[in-house]
Amino acid sequence: MMKLEPAMLKKMVHAVITTRPDELTCDECFGEIDRFVEMELAGKNAAEAMPLVEDHLQRCHDCHEEFEALLAVLKALHAEE
Amino acid sequence: MPKRTNQEWLAELKSPEHNQAGLSAHNQALVDLRALLVRGLGYAVANRYHVPEADLEDFAQEALLKILDGLDTFRGESLFTTWANKIAINVAFSELRRLRWKDVSLQDLVAPYEDSGDFTPEVLTDSSPSPEQRMNQRMMIEKVQEIINEELTDRQRTAMIAVMMEGMPIREVARRMGSNRNALYKLLHDARSHLKARMQLEGISPQKVLAAFE
Ligand SMILES: [Zn+2]
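The rules behind these values
Residues numbered from 1 in each chain as written. Chains lettered and ligands numbered in written order. Predicted model: local features only at pLDDT ≥ 70, side-chain atom pairs only at ≥ 80, totals over all residues. Heavy atoms only, no water. Helix = DSSP H or I, 4+ residues; strand = E, 2+ residues; numbered from the N terminus. Rg over C-alpha atoms; globule rule 2.2 N^0.38 Å. Donors = N, O, S within 2.8 Å, 3.2 Å for Na, K, Ca; no water. Tetrahedral: all angles 85-135°; square planar, octahedral: opposite > 155°, others 65-115°. Buried < 20%, exposed > 50% of the residue type's maximum accessible area, 1.4 Å probe, protein only. Phe/Tyr/Trp six-rings, centres within 6.5 Å; stacked < 30°, edge-to-face > 60°. Lys NZ or Arg CZ within 6 Å of the ring centre and 35° of its normal. Domains from an automatic or database assignment. Contact = heavy atoms within 4.5 Å. Buried area = accessible area lost by both parts, 1.4 Å probe. Salt bridge = Lys/Arg side-chain N within 4 Å of Asp/Glu carboxyl O. Polar contact = N/O pair within 3.5 Å; in protein donor to acceptor, adjacent residues only side chain to side chain.

K.L.:
So what exactly am I meant to see when it comes to the overall build of chain B here?
P.N.:
On a plain count of helices and strands, chain B comes out with 11 helices and zero strands. Along its sequence from the N terminus, chain B presents helices and strands in the succession α-α-α-α-α-α-α-α-α-α-α. In summary, chain B has a C-alpha radius of gyration of 25 Å against a globular reference of 17 Å for 214 residues, an excess of more than 25%. Judged by the C-alpha coordinates and their principal axes, chain B covers about 80 × 35 × 35 Å.

Okay, here's the thing in structure tokens:
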């Protein structure tokens, strides 16, 4: 038996209803993330150009964390130059 | 550090030509890339993890080996340095997550969700405006719990609690389940797909479930 708090239930239902058949796995997302970050840095709409990457980043905490880190790294290295 | 094109990085990092110029270009590229990765990792962990400089250098070294090993998989769709940095971040964060979660067992994480007995979340008695809505919420919770219990395997339930409710990194859950990151993502995706299909089958509008908790 699994017990849920309402807040947890809400979070889970949201994740369930937004499930789509064509989601990327973490490895697939990882394969695209460098291109995604560079688009973002170039001021282009990466989320629109690569919706499946955006979708994965919205649901996967780990990949999102690495995405934000990569973005921060590129910005900082760029500022050094 | 000199600016290099992607082609120059690849040429210099691949097995060097056996002459003095080739060797020294190769060595210089290794030195430059390692230094770049260490600098990048410093920015990557800032505000996230507390990491001694020596560890950053270890991560960079490990990443460097991985990068050299995988040069053929670089598709040239980004700058080489962007690609290299993403690998370094993945290497470092994977290890940092492993350390952060090393004393946590899946059993401990899941136990609170397996409690038996009456289920009366406090939120229901506190914030619900009307008895009618309270009733509605209770019914929704019971229904969704029933679906979860019927549709998911133990493995799926455990993974879902660990990742979704408790925020355990997917790779850490996978490690404890004798699986890998990709397979575990698929397992979670399957679980969500099953729940979604069953909700549709039962005519439970997700909007209604969510609205019950507005
Ligand atoms: Zn992911």
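Structure shown, so let's carry the discussion forward.
K.L.:
I tried to follow the coordination of the zinc ion on my own but got confused; where do I start?
P.N.:
Think of it this way: four donors in a tetrahedron around the metal ideally sit 109.5 degrees apart, and six in an octahedron ideally sit 90 or 180 degrees apart. Residue and element names in this part refer to chain A. Cys26 (SG), His56 (NE2), Cys60 (SG) and Cys63 (SG) make up the full set of protein donors to the zinc ion, lying at 2.1 to 2.4 Å. Considering all four donor atoms around the zinc ion, angles at the metal cover 103 to 114 degrees and the coordination shape is tetrahedral. With relative accessibility at 0%, the residue Cys26 sits in the buried group.

K.L.:
Help me out: how do you make sense of the packing of aromatic side chains in this one?
P.N.:
Two descriptors summarise a pair of aromatic rings, namely the distance from one centre to the other and the angle between the planes of the rings. Under the defined criterion, the tally for this structure stands at six aromatic pairs over all chains. An aromatic cluster is present here, built from B:Trp9, B:Phe74, B:Phe80 and B:Trp83 joined pairwise through their rings. Here the basic side chain of B:Arg4 rests over the ring of B:Trp9, its NZ or CZ set 4.5 Å away from the ring centre. When the ring centre of A:Phe30 is taken as origin, the NZ or CZ atom of B:Lys86, which lies over that ring, is 4.5 Å away.

K.L.:
Quick question: what am I supposed to make of the domain arrangement of chain B here?
P.N.:
Often, the extent of an interface is quoted as the loss of accessible area on bringing the components together. Residue and element names in this part refer to chain B. What the domain assignment lists for chain B is domain 1 (6–100) and domain 2 (106–211). With four residues of domain 1 at the interface, the matching set in domain 2 holds five residues. Summed over both partners, the interface of domain 1 with domain 2 comes to about 370 Å²; 44% of that surface belongs to carbon and sulfur atoms. Where domain 1 packs against domain 2, one counts zero salt bridges. The tally of links from domain 1 across to domain 2 stands at one residue pair in polar contact (both at pLDDT 80 or more).

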